[in-house]
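# Structural overview for review
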Amino acid sequence: MTNESLANLMTEKRRFAPPAEVAADANVTADAYRAADADRLGFWAEQARRLHWETEPAQTLDWSNPPFAKWFADGRLNVAYNCVDRHVLAGHGDRVALHFEGEPGDSRSLTYAELLREVSQAAHALTELGVEAGDRVAIYMPMIPETVVAMLACARIGAPHSVVFGAFSADALATRIEDADARVVITSDGGYRRGAPSPLKPTVDEALTRPGAARVRSVLVVRRTGQDIPWTEGRDLWWHELVARQPEQHTPLAFPAEHPLFILYTSGTTGRPKGILHTSGGYLTQTAYTHHAVFDLKPETDVYWCTADVGWVTGHSYIVYGPLANGATGVLYEGTPNTPHNGRWWEIVQKYGVTILYTAPTAIRTCMKWGDDIPAKFDLSSLRILGSVGEPINPEAWIWYRKHIGADRTPVVDTWWQTETGAIMISPLPGVTVAKPGAAQVPLPGIAATVVDDDGAEVAHGSGGYLTLTEPWPSMLRTIWGDDQRYLDTYWSRFEGKYFAGDGAKKDEDGDIWLLGRVDDVMLVSGHNISTTEVESALVSHPRIAEAAVVGATDPQTTQAICAFVILRGGAAEDEGLVDELRAHVAKELGPIAKPKRILPVDELPKTRSGKIMRRLLRDVAENRELGDVTTLTDSSVMELIQAKLPTAASED
Ligand code: 6R9
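## Considering the site of the ligand
Surrounding the ligand, one finds 17 residues, the nearest of these being Trp312, Asp414, Thr419, Asp503 and Arg518. Between the ligand and aspartate 414, the relevant distance is 2.7 Å, taken from a nitrogen atom to a side-chain nitrogen or oxygen of the residue. With respect to the ligand, the backbone of threonine 415 contributes an N or O atom lying 2.8 Å from a nitrogen atom. Computed on the free molecule, the ligand has an accessible area of 530 Å², of which 93% lies beneath the protein chains in the complex. Secondary structure elements with two or more residues in the shell around the ligand: α11 (313–325) and β25 (513–518).

This is the structure in structure tokens:
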């Protein structure tokens, strides 16, 4: 794959140097790059010392059987002890670990001492249910403190958890329970979403009727909404009954660094979902280090909020493990950004004095759509660092984020990583990097990444290709659960000796990395490769457009034709000239070849809960096919609305 141009992504020429006050007091300076370049493994061995090891590791990396890595293999530690106990023992028991904000407005702040008590009791409860080290536990929960407690309780007793998104269907849940052979499920009666209680337990009940999930023997249920729920005596147990009667002290055992910590499923393009396996010591080292470095976390004073769902890897690494390993004070919000009003997030920032905010480009663009006046009503002056993750952030949204949320003052860090990488890999450092809006820019210290061509050769500056990782890293996936061959085939077979991430990227003239989206999404138009990211970015740079999703639909003349689905900015009205105006705008930004054949204004785009646009479904619509699997959509009615609009609004040449 080559990319024809990056004209639009790179038209934003402004550069943002780190603010003097951030640079002066930054956790990590440019020295970190030098140290890691001089001795990569020594650098990671040093980072591992952030953790408490029951047995200090003498080995750093064992790469004798690539690509099966072992990091810190002779070290022993307990992950939950590192995230909770040691902060209490260091005298920080009264520090808030989590400010929980329920969607209906209820709130609860949990200190590290309280978290320790709850995690200890939950660990005893799981043991009482017969869970032993190595046994898998499925967690199907809303965004409430008990979810974090449940994850840490599993970690404490060495039982790998498999968190399944609370929005997944009974079938999706059943397949994941079966693949991991989980015998215990932790869930809740429900959670609050969009102003109403939304049930979860009935979905678990349904999942457990599937033959593959029939071996589950216990379902532990947190009471959150108080709804009436079906109950199976002998199998179902209330959390508040079982957990609350357990002893408040629990002695954690140390496990080898390579002991499995969790499995997290990502949907493969075909068939069975892939259970990404992460282990303990390397994962915790890199999540803790990156959280410290990329967000410049000062645990005594910062209030850190990652808006991701805990069922996404971002929730695992940057709500739970990284921040808690660092003794951070975090915010956990249960609901949607627009319940009961479009300013709910900013109200939360104001209420808790949030200093670091980590969210997804799609959320930022949604806020752009709602209008600048909404965040302007709140006091956001506490914010000092903003982060982005999940998709390429187009320069327009980057600038908006910095200006309207960050008072034109805060650094914005665009962090590239994946479920498979476990932790952030490519990102600016807020006190070091001169930021380029729209680019993730540089591999973090200790990380080796590059862009290669079809033959696996590194591309020259100014060229595009495939993003690859060229050296093992501590938080890398260890395998696909139960399927080493699929691990080899999926990630290590395309380029000899390199991990291929599935993303297209370009190196600019300075060697900085710009992400261009999944290579599967690249369009082929009359012999030219065009990235969906670039056309989307060009569309969003038009003042009337808030969001855009672009797909290539099969076309008899041009191989693929560019189809764009756009959402108008708050207040902008759809008129006859709009589609022509947008096509002309893209032609001007990127060249006539990138001009969309069809542009369809819509009210919403199909997205997963982690905020990724499901282009696959839009392609189905654009090609008049029946829709594929919609179970991972946040809101499946979106597709019906889009389909209903299709025939009339399309613009043809
Ligand atoms: C953490 C997470 C991974 C895919 C990844 C890429 C896209 C994530 C990005 C980004 C451009 C960024 N992605 N962060 N693309 N810039 N800063 O998102 O994990 O859900 O596994 O998705 O997301 O395409 O390959 P996951």
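Here the narrative resumes.
## Describing the pattern of salt bridges
Following the criterion strictly, the structure yields 46 salt bridges and no others. As a salt-bridge pair, arginine 478 and glutamate 258 come within 2.9 Å of each other at their nearest N and O atoms. Of this pair, arginine 478 sits in the loop between β22 (464–469) and β23 (479–480) while glutamate 258 sits in the loop between β13 (255–256) and β14 (260–266), and the two are 220 residues apart along the sequence. Classification of glutamate 258 by relative accessible area gives buried; the value is 18%. Ionic pairing is found between aspartate 503 and arginine 518, a salt bridge with its closest N-O pair at 3.0 Å. A residue pair is termed long-range when its members are at least 10 positions apart, and aspartate 503 in strand β24 (residues 499–507) and arginine 518 in strand β25 qualify at 15 residues. Judged by its relative accessible area of 8%, aspartate 503 is buried. Via salt bridges that share partners, Arg365, Glu391, Asp521, Glu536, Glu547, Lys607, Arg615 and Arg619 belong to a single interconnected network.

## What about empty space enclosed by the protein?
Applying the stated criterion across every chain yields a total of 6 cavities of 30 Å³ or more. Volume-wise, the largest cavity comes out at about 110 Å³. Along its surface, the largest cavity is lined by 13 residues, and Arg365, Pro392, Asn394, Thr533 and Glu536 are the ones closest to its centre. Among the residues making up the lining of the largest cavity, the classes are represented as 6 nonpolar, 3 polar and 4 charged. If you count residues domain by domain, the lining of the largest cavity takes at least three from each of domain 1 (16–504) and domain 2 (526–649). There is about 80 Å³ of room inside the second largest cavity.

Reading the values: the criteria
- The residue numbering used here restarts from 1 in each chain and proceeds along that chain's sequence as written.
- Predicted model: local features are reported for residues with pLDDT of at least 70 only, side-chain atom pairs are reported and counted for 80 or more only, and whole-chain, interface and lining totals are derived from all residues.
- Excluded from the side-chain calculations are hydrogens and water; all other atoms, namely the structure's heavy atoms, are used.
- Being near a molecule or strand, for a residue, comes down to having at least one heavy atom within 4 Å of it.
- By the criterion applied in these results, polar contacts are pairs of N or O atoms within 3.5 Å in which, for protein atoms, one can donate a hydrogen and the other can accept it, and in which residues neighboring in sequence qualify only through two side-chain atoms.
- All accessible-area figures derive from a Shrake-Rupley calculation using a 1.4 Å probe, and residue coverage is judged against the displayed protein chains alone.
- What counts as a helix is a DSSP run of H or I of at least four residues, what counts as a strand is a run of E of at least two, and both are numbered from the N terminus.
- One speaks of a salt bridge when a side-chain nitrogen belonging to Lys or Arg is within 4 Å of a carboxyl oxygen belonging to Asp or Glu.
- Between buried and exposed lies partly exposed: a residue is buried under 20% and exposed over 50% of the maximum accessible area for its type, with that area taken using a 1.4 Å probe on protein chains only.
- Grid spacing is 1 Å over the protein atoms alone, the probe is 1.4 Å, and a cavity is where that probe fits but cannot get out, while a pocket is an open set with protein on both sides within 12 Å along at least five of seven lines and lining residues have an atom within 4 Å of a point.
- Grid points are joined across faces, edges and corners, and a volume is the space filled by probe spheres set on the points.
- Under the convention adopted here, Pro, Cys and the residues Ala, Val, Leu, Ile, Met, Phe, Trp and Tyr are nonpolar, Asp, Glu, Lys and Arg are charged, and Gly plus all remaining residues are polar.
- These domain boundaries are the output of an automatic or database domain assignment.

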